[in-house]
Amino acid sequence: MKSLRELPKDMVVAGVDLGGTNMQIGVIDADGRVIGRCKRKTKSAEGRDEVVKRLVEGVWRALDDAKTPRDRLYAAGVGAPAVVDFEKGTVVKAGNLGWDDVPLRDLLAQQLRVPVALDNDVNCAAWGECQLGAARGRSDVLAVWVGTGVGGGLVLGGSVWRGPRLTAGEIGYMTLFPGGQPGMSTVEDVCSRTGLANALRRLMPGHPESTLHRLVAERIAERAILDKDRPAERAADIALTSSMIAKAYEKGDELTRRVVDRSAELLGGAIANLVTVLSIDTVVLGGGVTEALGAAYVARVRKGYERSVFPPSLRRIEFVASTLNDDAGMLGAAMLV
């Protein structure tokens, strides 16, 4: 595996984790240290060109934060929440950005005036964990990121594996319940933060004792204090965040534990299928849900995995949480170059 130590003397690289809501940008030196940062809103509704402009400005701001001249930027890597054609450097499809066939690599290279590498965001996270994080030194890894959606990335034989049709590792689109109701059949439907929140919302009216009701009421009160001019909000309008779900889980809320544990074990079963098919020796879990729920969530996913994986000897593989957390995609993108 290559190292950033191969960078020319005194040069740096930029790593970008481009999300549907936020973009996180870091400047990384030859030792793999993040020496400058910038976080900005993506504002995809303003259009492609504005997002690219904000991204370029973010790189300059991160360089300023690192107290590094622009002419010391050697290259940039970008992870996008999308189907990406790595060879062509295009975003093929990004639903949460509203993009189709966007030549993002070339657009950025023209403005940054350095080489740019572009890949799927969870591919970048998987690569970051292999290079600098929980799977360091491992050559065959499945990374599963559980957040607003569920994404996956594969490293096989020491290289990111994208597949000839660009869908390798996309565990979120695996079907859990064939013939199931729309929006309730895939891994992403059931196991993402969105899926958890939807399931809890459906069940909360029948569980008036649930801690979630109090957490929602507290959130309404907090927002009313912060913005006294805000119209009164209904409980149904308050999103159930990963942190709210985690608080209810930690307090032993019966409804939350039942929904989260079932979701985690179903995710473990899906991971088991991929591990059996690909004979992978390391699984890394990351994303907002994993970070919020912590070790108990990882253990429950592993329980579902061990129940389903074949042969039983594969129960002993490395099964760990991300150590890079929010920086995984950004660092992995930097390592791509």
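Structure: above.
What you see is a predicted model; the values in this text were computed from it and never measured.

## Considering the overall build of the protein
Scanning the protein from terminus to terminus reveals eleven helices and 13 strands. For the protein, whose C-alpha radius of gyration is 21 Å, the value lies close to the compact-globule estimate of 20 Å for 337 residues. Principal-axis analysis of the C-alpha atoms gives the protein an extent of 60 × 60 × 35 Å. Within the protein, residue pairs in contact and separated by at least 24 positions form 64% of the contacts whose partners lie at least 6 positions apart. With an accessible surface of roughly 15800 Å², the protein has 49% of that area assigned to carbon and sulfur atoms. In the protein, the 44 positive side-chain charges and the 42 negative ones have mean positions that sit 2 Å from each other.

## A few points about the sheet that holds strand β12 (residues 282-286)
Strands sit in the order β11-β10-β9-β12-β13 across an open sheet of five strands; the sheet is mixed. With partners counted over all chains shown, the strands left at the sheet margins are β11 (159-160) and β13 (318-321), one partner each. Strand direction decides the pairing type here: strand β9 (residues 141-146) and strand β10 (residues 150-156), joined by six bridges, are antiparallel. Within the sheet, the bridge partner assigned to V144 lies in β10 and is G152.

## Let's talk about the pairing of strand β2 (residues 22-28)
Burial of β2 is extensive: six of the seven residues sit out of reach of the surface. As defined by bridge partners, strand β1 (residues 12-18) adjoins β2 across six bridges and the pair is classed as antiparallel. The residue bridging V13 from the neighbouring strand is I28, located in β2. Connecting the antiparallel pair β1 and β2 is a turn made up of three residues. The pairing of β2 with strand β3 (residues 34-41) spans seven bridges and is antiparallel. Across the sheet, G26 pairs through a bridge with R37, a residue of β3. Hairpin connection, β2 to β3: the antiparallel pair is bridged by five residues, and G32 has positive phi, about 80°.

## Looking at the side chain of D119
For D119, the location among the structural elements is in strand β8 (residues 116-120). Residue classification places D119 among the buried positions, given a relative accessible area of 1%. Side chain to side chain, D119 and N123 meet in a polar contact 3.1 Å long. Among all residues touching D119, those that are not within four sequence positions of it are V78, G79, A80, V84, F86, C124, V160, R162 and L336.

## Some words on the packing of aromatic side chains
Counting across every chain of the model gives one aromatic pair. Centroid distance Y305 to F319: 5.2 Å. Interplanar angle 45°. Geometry classified as tilted. With Y305 in helix α10 (residues 295-308) and F319 in strand β13, this residue pair connects regions lying 14 residues apart in the sequence. Side by side, Y305 and F319 carry an identical accessibility label, which is buried. Positioned above the aromatic ring of F86, the side-chain terminus of R162 is 3.6 Å from the ring centre. Stacked on the ring of Y249, the Lys or Arg R257 has its end atom at 4.2 Å from the ring centre.

## Some remarks on the side chain of S192
Of note, S192 is situated in the loop between α4 (187-191) and α5 (193-203). Using a relative accessible area of 1% as the deciding quantity, one classes S192 as buried. Separated by 2.7 Å, the side chain of S192 and the backbone oxygen of E188 make a polar contact.

## Topic: the nonpolar core
The biggest cluster of nonpolar side chains holds 48 residues, and the ones touching the most others in it are V144, L240, L267, I271, Y297 and Y305. In terms of residue count, helix α8 (residues 254-278) provides more of this core than any other element does, ten residues in total. What I271 contacts, discounting residues up to four positions off in sequence, is L142, V144, I171, V283, L285, V301, Y305 and F319. Of all hydrophobic cores here, the second largest spans 35 residues; its members include V51, L55, L97 and W99.

## Regarding the pattern of salt bridges
Summed over all chains, the structure comprises 16 salt bridges. Residue R48 is joined to D49 by a salt bridge in which the shortest nitrogen-to-oxygen separation is 3.1 Å. A salt bridge links E306 to R302; the nearest nitrogen and oxygen atoms lie 2.9 Å apart. Here E306 pairs with R302, and both are found in helix α10, just four residues apart, close to one helical turn. Look at E306 and you get partly exposed, because its relative accessible area is 28%. Three or more residues joined by partner-sharing salt bridges are found here, namely D261, E265, R300 and R307.

What counts, and where the lines are drawn
Residue positions are given per chain, counting from 1 as you read along its sequence in written order. The predicted nature of this model means local features are confined to residues of pLDDT at least 70 and side-chain atom pairs, given and counted, to a pLDDT of 80 or more, with totals for whole chains, interfaces and linings taken over all residues. To obtain the side-chain values, all non-hydrogen atoms of the structure were used and water was disregarded. Secondary structure is summarised from DSSP: a helix means a run of H or I of at least four residues, a strand means a run of E of at least two, and numbering begins at the N terminus for each. For this measure, only C-alpha atoms enter the radius of gyration; the expected value for a globule follows 2.2 Å times N^0.38, where N is the number of residues. Throughout, a contact is declared for two residues whenever any of their heavy atoms are within 4.5 Å. Computed with a 1.4 Å probe, the accessible areas rest on the Shrake-Rupley method; for each residue, only the protein chains presented here act as cover. This count recognises Lys and Arg as positive and Asp and Glu as negative, with His and chain-terminal groups excluded. The atom standing in for a charge is NZ when the residue is Lys, CZ when it is Arg, CG when it is Asp and CD when it is Glu. Two strands are counted as paired when DSSP detects at least two bridges linking them. Each residue's exposure class comes from its accessible area (1.4 Å probe, protein chains only) as a fraction of the maximum for that residue type: buried when under 20%, exposed when over 50%, partly exposed otherwise. Two N or O atoms form a polar contact when they lie within 3.5 Å of each other; inside protein one atom must be a possible hydrogen donor and the other a possible acceptor, and for residues adjacent in sequence the pair counts only when both atoms belong to side chains. By convention, a stacked pair of Phe, Tyr or Trp rings (six-membered ring in the case of Trp) has centres within 6.5 Å and planes under 30 degrees apart, an edge-to-face pair has planes over 60 apart, and any other such pair is tilted. We call a charge positioned over a ring when the NZ of a Lys or the CZ of an Arg lies within 6 Å of the ring centre and within 35 degrees of the ring normal. Definition used in this section: a nonpolar core is a set of buried Ala, Val, Leu, Ile, Met, Phe, Trp, Tyr and Cys residues joined via side-chain atoms within 4.5 Å. Salt bridges, as used here, are contacts in which a Lys or Arg side-chain nitrogen is within 4 Å of a carboxyl oxygen on Asp or Glu.

The values are spatial; any link to function lies outside them.
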